Amino acid sequence: MSDIIRDDGRKFDELRPIKIEAGVLERADGSAYLEVGGNKILVAVYGPRESYIRRLLEPNTGVIRCRYNMAPFSVDDRKRPGPDRRSSEISKITADALRPALMLENYPRSMIDIYIEVIEAEGGTRCAGITAASVALVDAGIPMKDIVVGCAAGKVYDEIVLDLSEKEDKEGQADVPIAMMPRTGEITLLQSDGDLTEEEFAKAIDLAMEGCRKVNEIQKEALMKKYSIE
Amino acid sequence: MSDIIRDDGRKFDELRPIKIEAGVLERADGSAYLEVGGNKILVAVYGPRESYIRRLLEPNTGVIRCRYNMAPFSVDDRKRPGPDRRSSEISKITADALRPALMLENYPRSMIDIYIEVIEAEGGTRCAGITAASVALVDAGIPMKDIVVGCAAGKVYDEIVLDLSEKEDKEGQADVPIAMMPRTGEITLLQSDGDLTEEEFAKAIDLAMEGCRKVNEIQKEALMKKYSIE
Amino acid sequence: MSDIIRDDGRKFDELRPIKIEAGVLERADGSAYLEVGGNKILVAVYGPRESYIRRLLEPNTGVIRCRYNMAPFSVDDRKRPGPDRRSSEISKITADALRPALMLENYPRSMIDIYIEVIEAEGGTRCAGITAASVALVDAGIPMKDIVVGCAAGKVYDEIVLDLSEKEDKEGQADVPIAMMPRTGEITLLQSDGDLTEEEFAKAIDLAMEGCRKVNEIQKEALMKKYSIE
Amino acid sequence: MEIVPEITRRSIENLVGNDKREDGRALDEYRDISIETNVISKAEGSARVKIGGTQVIVGIKPQLGSPFPDTPDLGVLMTNCEMLPMADPTFEPGPPSEDSIELARVVDRGIRESELVELDKLCVEEGKHVWMLFIDLHIIDNCGNLFDACELAVMAALKTTKLPVATIVDEEVVISEDETFDLPINNELALCTFVKIGDKMVIDPTLSEESVASARLNVGVTKDGHICSMQKGGKEPLTKDDILFAVNLAVTKTKELVEHL
Amino acid sequence: MEIVPEITRRSIENLVGNDKREDGRALDEYRDISIETNVISKAEGSARVKIGGTQVIVGIKPQLGSPFPDTPDLGVLMTNCEMLPMADPTFEPGPPSEDSIELARVVDRGIRESELVELDKLCVEEGKHVWMLFIDLHIIDNCGNLFDACELAVMAALKTTKLPVATIVDEEVVISEDETFDLPINNELALCTFVKIGDKMVIDPTLSEESVASARLNVGVTKDGHICSMQKGGKEPLTKDDILFAVNLAVTKTKELVEHL
Amino acid sequence: MEIVPEITRRSIENLVGNDKREDGRALDEYRDISIETNVISKAEGSARVKIGGTQVIVGIKPQLGSPFPDTPDLGVLMTNCEMLPMADPTFEPGPPSEDSIELARVVDRGIRESELVELDKLCVEEGKHVWMLFIDLHIIDNCGNLFDACELAVMAALKTTKLPVATIVDEEVVISEDETFDLPINNELALCTFVKIGDKMVIDPTLSEESVASARLNVGVTKDGHICSMQKGGKEPLTKDDILFAVNLAVTKTKELVEHL
């Protein structure tokens, strides 16, 4: 690996500054707030509860539903409120990313709702949303096999680097966001956009997994802080 | 109070010419037609009936639903058909304005639908709609504690005056539409837009209540006419 | 009748080249593909099946539902996906055109779905859709009193002619699409657009009925071909 | 549509079988018709039509817009219909139902196909600015045969529509504040609607006749007897004879109907 | 809104009847209020407001657009409110509910009717280009009295909004990359919300107070004591005395509230 | 997605566990593939692709439009996908489902991220007029692995797309009536889709394989072996080895797939 220094002074395997707080909302069953780089993400969890939408319920298992949403003011050009195709896709794959850690079979006919609000966006919101959502799920007291964590690697100026900023994402050549369960190292989300050789891809996935492990430490600290004080 | 004469020759406490007719439609359970100034309002009432929308029903009480709607051709620049934010708000507060007079607890699992169509608009349609809706409710044979009536006062050229025309509403400084139950003098709708001192507001509400009492007489006449002839 | 020759060389009572194939899709219960002139139409039939939309079911009879849809790329200027007013109307009258041939009373609480996709359009798609839908219904093994068939006559350069092309439809004076049940000669769809005298209309309906009988032979051939090979 | 009790169904069918109707009319007779025009001051054209208890209001509003690319010198007609929940206990609020779309489109086709509005006179600047006429139908009381009431209302409103004069000054459209011109109309039209009950074709059906009928036929005819639009509706077929009978009667009836305009 | 158990209802009513409240406040006392501004770097104006456990975020984004035809030299305000499902277990995702529309419109009317934003200074070129301010309210935690929290948030955000300088060069709008100006504000405003419980008017209601109340009254007052907006809500009526009492108290309370700005 | 009977599930899992499949294929073998191009005369590009019983049609229509502000000299691609109810008894009419959006976006990203369409050659006048290509996918028969069928169809259609020549004359765009040019394409791409059954990664899954699979992986690779898009789907995780295995195989398989073009 090279020892390039990036635009914002980070090393190739360095995360942006990251801050997580658990239990930030009163009404929600669980919640978390996360800042990473210029991203500000708020997550609330409700459930397990009976759904008001009966056709979504399943007799033998619980159901998880995610809603990833960007605030109109979270980006440079105001975004129209409400879901669009991008947010629908992210909502879907975020649910897929979190589901493996939940023991949904214990909650037949129930629904767990996860609301991810991007208050401000600066590259990498889908991974940040997953990371924050896991903390909120723990805060809600929902038992999990593991704390899912998200992080991306990518390719910028022909180098594989960790945790792309918005600027790097725009100027870069590839972005590989993943989510994983740190205990087993299993991958629960994987996307790849842009140009990568097979070798570069392998490098990127290793780096992203390493990033996930680092972020996972910060998740745990946030939960310790919350639950040791109380 | 001053003795100014208004643009259209009215005195400060004078209503625009008003005309109400009960029972103007065949299919509806009750109906009314109202003209005041350039406004033309048609109201139909259906119910109490079982609703086709089951989730709206309540086991211990009847439910009232209002739909205030402006015809596309009712205003100078054609309005797109269908509800908008303004009409949603008016529908909501109109239901709130009429509900106190109805003995809904007598109609569990039932729905009363009130459809207010603004065929032509010239200022003050929400009050006119409430006034006409009350007449239509009586025409539908639905028992009421009182006949709710709506009227506005406002501030034009620094004077508090009754029942603003469209022109006065545009040029004026404030508009205070209210609805009341004349027997008890209780207020069931109140809004205020524009600039008023506390004293002016008190004056406006007194004047609007006086206006309501006058309009109430015309409601009663319309009902007498309809039911004495038959 | 005159012996004019038309733009595309056809005689007044001549159909465009027409080709029908039954059973072209794997998943659907029945299907058909039809080309006539430049039209390409694909039809799939599902049912009788229990509907996922419970409020559409009727306790004493089966229900038929049609969806006529044009592909965005089927016309010169791209069409926005999804239903519009024209396709809603055609869906409705297509269901009306096919229903009389079906013995729906034999399928209480069931639904037959007919999906008509216009892959490419060149005049006369509604009749072509009905013709293809009948073949798909037979392919689905749904018993019918008769094979409904559609065809249009019209008026072009003051002559009554059969089966208008897109160009003739645009330049012509009238279009009279019909659907009929060939055994009884009963009419199950009829529209007429444009200028016709009473006499011309009578001529047009006779010609269209004659056209229907010809197209019906091609329907039967398609079914024979499919079911004699198998 | 409401379910009709079996006894009503049989009673109506028996009456019609004997060439009679619930309300005493002949099979080829309309209910009372009344037409009022200019009922909406803020609309450039308007009318209220009653046929028996059925009642519709139409308003016409012009708006400047771009022509369609393939007809750069023609104005545009847009017909819209709201079957208001006020008009019938089975009508629901929300986006237009299939019935409402069909109603608007059949009414629209009559006007459009008869070419009675001189659309070329609605062109302000070829390819750039034309008048678009928004024809909004408001159904307020449904006692049967909305089709004919709507077509009469539109026809009456078009005949009384006045548009502001628009001219091009320095490449911009200037709309006159007070100068208007009559919408140019070169013909008149009516729609005659029949339903089939038993084996009879019955004109101007009431609501209960509509609900027991097996099929419907709308016939649009101009004052001079030309057929410009037709539409079959309903669950059962019609015979060729049913259709030719209705067309023939519609040509006669249209002459009566347009006298109300 | 959630159903309140009968026992909670009676307890709250009894407390209020004795001029007391669940959380120990006086009937005319607000919960703790905190306001943070410039919380969103990408928004030209923003604020986060907490009143007790209630929490809202607002962001303001400008966009160049066309003025309304009847006010060619004025900028435009657009207030939008999302009652996010995150904020309350009974809020549902989807298009804005009636409650959400009412909330946005009441908050908007306060700002609009007090004329505290100098809209004429948002005109870039008369009749052609004006600034449109999109005021987006994000409700993230609902513990009662969203109205007052939202109005405070909007007020705080407006006061800190900076817009880019736009000029007309060669008939085209040029937006400066770094030069900005403060949104011109000439007044301050707060909304005081009351609910009626028993025969008392209670300010700044909690969620459970809201759910047992018979009626609601929002009173918008400017710093200088002028009433600029009011709205009654709820299923039961108010008396004239209720209203005059609330208006009078709101004038006093507004002075306190705007000190938080 | 339909429920698979437990017995089918076990049977498929057993087969795959023994490196076998229902239809006799190897785990790394595609079903028969056929590609027809220019199947829609009215579309500027089109293709029909079958993989086994799965069948999709794509049509490409150009339209002049404005470029995005941040790429003023590039044309625009818009990929849309309709999972027609005709294709599968569980597909419902209406707005695109989450599955349909994901399908369209994954297919679109392959094309977009490989940069194989030379978007700069779709610019007619910088900052003002560019060609927008509407790529509309019509799913007509779903027997599994829609992803790969769609990507192949789009690729085949793009390769045969001819656009009209557009020039600027007197500041207006003039579109030639008969002169066309081939859409400039500088690479080829395929998508290889795997599902995980037991602990095996299986290529080109059938519908029943899809329904018993624990996870899905789409790998988009260019002719020259570069990875340009990936997407994991499904309820269960994948291991790093699963992924690296699939990527490696996809690079080989893509060479086979693009030979069909």
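The rules behind these values
- Residues numbered from 1 in each chain as written.
- Chains lettered and ligands numbered in written order.
- Predicted model: local features only at pLDDT ≥ 70, side-chain atom pairs only at ≥ 80, totals over all residues.
- Heavy atoms only, no water.
- Helix = DSSP H or I, 4+ residues; strand = E, 2+ residues; numbered from the N terminus.
- Rg over C-alpha atoms; globule rule 2.2 N^0.38 Å.
- Buried < 20%, exposed > 50% of the residue type's maximum accessible area, 1.4 Å probe, protein only.
- Contact = heavy atoms within 4.5 Å.
- Areas by Shrake-Rupley, 256 points an atom, 1.4 Å probe, with all protein chains shown as cover.
- pLDDT = per-residue confidence, 0-100.
- Disulfide = S-S within 2.5 Å.
- Buried area = accessible area lost by both parts, 1.4 Å probe.
- Salt bridge = Lys/Arg side-chain N within 4 Å of Asp/Glu carboxyl O.
- Polar contact = N/O pair within 3.5 Å; in protein donor to acceptor, adjacent residues only side chain to side chain.

K.L.:
Teacher, can you tell me more about the overall build of chain D here?
P.N.:
Scanning chain D from N- to C-terminus turns up 5 helices and 12 strands. Whereas a compact globule of 261 residues would reach a radius of gyration of roughly 18 Å, chain D reaches 20 Å, a difference of no more than 12%. Based on the C-alpha atoms only, the size of chain D along its principal axes is roughly 70 × 35 × 30 Å. Taken over 261 residues, chain D has a buried fraction of 56%. For chain D, restricting intrachain contacts to residue pairs at least 6 apart in sequence, the fraction spanning at least 24 positions comes to 69%. Working note: accessible area of chain D is about 10500 Å², and carbon and sulfur atoms make up 48% of it.

K.L.:
In this structure, what is going on with the confidence of the model for chain D? I would like to understand it.
P.N.:
Predicted confidence across chain D gives a mean pLDDT of 96, with 99% of residues reaching 70 or more. If you check the scores for this complex, the pTM reads 0.95 and the ipTM reads 0.95.

K.L.:
For this particular structure, what's the right way to read the state of the cysteines?
P.N.:
For the structure on display, the rule yields 0 disulfides over all chains. A disulfide-free cysteine, E:Cys192 has its sulfur positioned 11 Å from the sulfur of E:Cys228, the nearest such atom.

K.L.:
Would you take a moment to explain the interface of chain E and chain A for this structure?
P.N.:
In this assembly, 32 residues from chain E lie in contact with 31 residues from chain A. For the pairing of chain E and chain A, the buried interface totals around 2600 Å² over both sides, and the portion due to carbon and sulfur atoms is 58%. The largest share of the area that chain E buries against chain A comes from E:Lys42, E:Lys61 and E:Met86, three residues that together contribute 28% of it. There are 3 salt bridges connecting chain E and chain A. We note a salt bridge from E:Asp136 to A:Arg78, for which the minimum N-O separation is 2.6 Å. For the interface between chain E and chain A, the tally reads 16 residue pairs in polar contact (both at pLDDT 80 or more). Where the side of chain E that touches chain A is concerned, the elements lending two or more residues are strand 3 (54-65), strand 4 (76-83) and strand 6 (129-141) of chain E. For the side of chain E that touches chain A, the element with the highest residue contribution is strand 3 of chain E, accounting for 6 residues.

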